[in-house]
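One-letter residues, chain by chain:
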Amino acid sequence: MNALVKYLLAFVLIFCGFQIASAEAPPTDTLRLTLRECLDRAMQGNLDIREAQLERDRALIDQLEANRAFWLPVFEARSYLSVVKDARGYVTDHPLTTSWDNFGPCFEFHLQAAQPISTLGRVNALKRAARNGIAAREAGVEVRRASVAAEVYRLYYGVLVARELLEILDDVSEKIAQARTRVREMLEEDSDRVTTTDLMRIDVYTYELERKHIEANKSVELALGALRRALGIPYDAHFDVVTDRLRPIPETLPSLDSLRAYAFQNRPELAQVNAAVEARRQQLIAARAERYPTPFVGVEVGLRAAPGRELLTENPFVGDAYNGRSVKAALGLQYTLDNRSREAGIQRAEVEYREMLRKREWAEAGIALEVQKAYLEADEARRNSELGRRSLRAGSSLMIQTLERYDMGVASTRDLLEAYGAYAKSQGDYYQTLYSHYLALGEVYRTIGKPLSEITNGTNGVGHSELEGEGDGDDAQFEEPVEPENSGENGEPYEPQPEE
């Protein structure tokens, strides 16, 4: 009977263990993406980018309306319904018999069609303004793409550094567990080198590591969730990034002047504001063209009918104002006499144009400052990552020496725990400085208008020849970095004139 019970218990344990392993095993259909794949997917599925594209489509509709403004004639229809006195007889008879005792309805209908011959540059200016409006919206889409790419880049490397920190915590936890086992064995041997206080001190340190482990796991999950949203991946899909070790970036950046010159040529914000300036200039030209009359060819068709009023005439030069048909065609000039509104519109267009010029100057100054700030922060991050590497080597050496001294009975348990803590801190600080270096380099890319997909793990992709206008602009390639020891680097605005 006992043997049967043992077999049943063994079967249950094996079955339950299989179920637990199956539940914890990662799904085989998990979507794993590299940084470049994440950036490509974000450019297609991000909701913010789609919103910017819809704004661009609205600008396309405005351009279509401007293109049709000149070629399509303007139609106008008017109709009237009133009452008139009845009248009968010849128009030349005097006096006619009319009286308000007898009256009837009168209907009148007019249809006018006017085709402009020339708008004196107004329509052409509106077309160019619409085209530049589309260019500004297109540049706005690129601005949104750059912003989304920077966010995806930050989240991707945030996941990598959080997982590096998890490995550090696991490594230190394993070493602390080994130290706890050694201290317990020494206590069982009644060694005078350790006390129960040392064991409790190790337990306190272990609980702190577990708390940090939980916090790091939460950071990974939140970063993956934010990255999932930025990529437009459904929340119920299995998603992860391709995990890789963070490696240092040994390359230094080109000169600040080269970066600024590259930024002025490639920043989508400048392309956007330049297109907006040109659009405002064309709108000002169109507003000033309103001062001149518009020549047109016009056709008018009229129909009049008064059933109770039937006057007869044999003279073709004598007509009936209430009955008959008419067709007229002529050349004409259309001019609006509302000078106050027209001049106010011109002044408003001039102010908007000057305001856009000031915005362009402000944007250029702001971009120059952004590039300088990103350059200095990237250089600072590079230096900090080098210091972090040195600190990691020092922490590793301290841990090894303290462990040897502890085995020799020279170092205390407190010294060993402090060495483990310094080792863990040096590792964490190193990867944090490395993460800051990647973020700072990504900010340099964003401020100069260069795609973030060209940054790869261990390289920065910024070639001196490309930014300084020499060579063919190929991305620089770097050697594999050496891993640290014991680790798991103004003037007045232009005054436009109406076109002739």
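Just so you know, these numbers come straight off a predicted model, no measurement behind them.

Trainee: Any details on the packing of helix α5 (residues 196-231) against helix α9 (residues 413-448)? Residues and values, ideally.
Mentor: Closest axis-to-axis distance for the α5/α9 pair is 10 Å, and the angle between their directions is 15 degrees. Considering their axes alone, α5 and α9 lie roughly parallel with respect to each other. In this structure, the crossing between α5 and α9 has a hand that is right-handed. Between α5, through D198, R201, I202 and Y205, and α9, the contact on the second element is made entirely by T413, R414, L417, Y420 and G421.

Trainee: Residue-level account of the packing of aromatic side chains, with values.
Mentor: Following the criterion strictly, the structure yields four aromatic pairs and no others. Geometrically, the ring pair formed by Y156 and Y157 is edge-to-face, given 5.5 Å between the ring centres and 85 degrees between the ring planes. By relative accessible area, which is 6% here, Y156 ends up buried. Look at Y157 and Y438: their rings are 4.5 Å apart centre to centre, the planes differ by 25 degrees, and that puts the pair in the stacked class. Highlighted residues: Y157 in helix α4 (residues 122-188) and Y438 in helix α9, separated in sequence by 281 residues. Accessibility assignment for this pair places Y157 and Y438 in one class, buried. A connected cluster of aromatic rings, assembled from ring pairs, spans Y153, Y156, Y157 and Y438.

Trainee: Hey, could you go over the environment of D244 for me, with residue numbers and the actual values?
Mentor: Along the polypeptide, D244 turns up in the loop between β4 (239-241) and α6 (256-266). D244 gets classed as partly exposed once you look at its relative accessible area, which sits at 34%. C-alpha separation for the pair D244 and L160, spaced 84 residues apart in sequence, amounts to 7.0 Å.

Trainee: Lay out the pattern of salt bridges in plain terms, naming residues and giving numbers.
Mentor: What the rule picks out here adds up to 25 salt bridges. With a closest N to O distance of 2.6 Å, D203 and R180 form a salt bridge. Residue D203 is found in helix α5, and its partner R180 is found in helix α4; the two are separated by 23 residues along the sequence. Classification of R180 as partly exposed rests on a relative accessible area of 26%. A network of salt bridges, in which partner residues are shared, links R267, E269, E370, E443 and R446.

Trainee: Tell me what's going on with α5, and back it up with residues and numbers.
Mentor: The first and last C-alpha atoms of α5 sit 53 Å apart over 36 residues, in line with the 52 Å expected at 1.5 Å per residue. Positioned one or two residues after α5, G232 has a phi angle of 75 degrees, which is positive.

Trainee: If you had to explain the environment of R288 to someone new, which residues and values would you point to?
Mentor: Structurally, R288 can be placed in helix α7 (residues 268-289). Judged by relative accessible area, R288 falls into the buried class, the value being 8%. Expressed as a C-alpha distance, the spacing of R288 and Q347, which sit 59 residues apart in the sequence, is 9.4 Å.

Trainee: Summarise a negative patch on the surface; cite the residues concerned and give the values.
Mentor: Together, E185, E188, E189 and D190 make up a negatively charged patch on the protein surface. One can find E185 in helix α4. Residue E185 is classed as partly exposed on the basis of its relative accessible area, which comes to 43%.

Trainee: Break down a nonpolar patch on the surface for me, with residues and values.
Mentor: Taken together, the side chains of F75, L81, F107, F109, L111, V299, V301, L303 and V327 present a nonpolar region at the surface, about 830 Å² in accessible area. When contributions to the nonpolar patch are tallied by element, the ones reaching two or more residues are β2 (74-90), β3 (97-116) and β5 (294-305). Here F107 is to be found in strand β3. Since its relative accessible area comes to 35%, F107 is described here as partly exposed.

Trainee: How would you summarise the nonpolar core if you had to cite specific residues and measurements?
Mentor: Formed by 84 residues in total, the largest nonpolar core has its most connected members in V152, Y157, L227, L231, F239 and L246. Contacts of L227, omitting those with residues within four sequence positions, involve C38, V152, L155, Y156, F239 and V241.

Trainee: How would you summarise α9 if you had to cite specific residues and measurements?
Mentor: Compared with an ideal rise of 1.5 Å per residue, which puts 36 residues at 52 Å, α9 spans 53 Å between its outermost C-alpha atoms and is within 8% of the ideal. Of the residues one or two after α9, G449 is the one with positive phi, at around 80 degrees.

Trainee: Requested: an account of the environment of A394, with residues and values cited.
Mentor: Examined against the element boundaries, A394 turns out to sit in helix α8 (residues 339-407). In this structure A394 comes out as partly exposed when scored by relative accessible area, which is 48%. Distance in space between the C-alpha atoms of A394 and S426 is 8.2 Å, their sequence separation being 32 residues.

Here is what the cut-offs are and how they apply
- Residues numbered from 1 in each chain as written.
- Predicted model: local features only at pLDDT ≥ 70, side-chain atom pairs only at ≥ 80, totals over all residues.
- Heavy atoms only, no water.
- Axes fitted to C-alpha atoms, helices over the stretch in contact; angles between N-to-C directions.
- Helix = DSSP H or I, 4+ residues; strand = E, 2+ residues; numbered from the N terminus.
- Parallel < 35°, antiparallel > 145°, perpendicular 65-115°, else oblique.
- Left-handed = near helix turned anticlockwise from the far one by under 90°.
- Contact = heavy atoms within 4.5 Å.
- Phe/Tyr/Trp six-rings, centres within 6.5 Å; stacked < 30°, edge-to-face > 60°.
- Buried < 20%, exposed > 50% of the residue type's maximum accessible area, 1.4 Å probe, protein only.
- Salt bridge = Lys/Arg side-chain N within 4 Å of Asp/Glu carboxyl O.
- Expected span 1.5 Å × (residues − 1).
- Patch = residues over 30% accessible without salt bridge, like charges linked within 9 Å, V, L, I, M, F, W, Y side chains within 5 Å.
- Areas by Shrake-Rupley, 256 points an atom, 1.4 Å probe, with all protein chains shown as cover.
- Lys, Arg positive; Asp, Glu negative; His and termini not counted.
- Charge placed at Lys NZ, Arg CZ, Asp CG, Glu CD.
- Core = buried A, V, L, I, M, F, W, Y, C linked by side-chain atoms within 4.5 Å.

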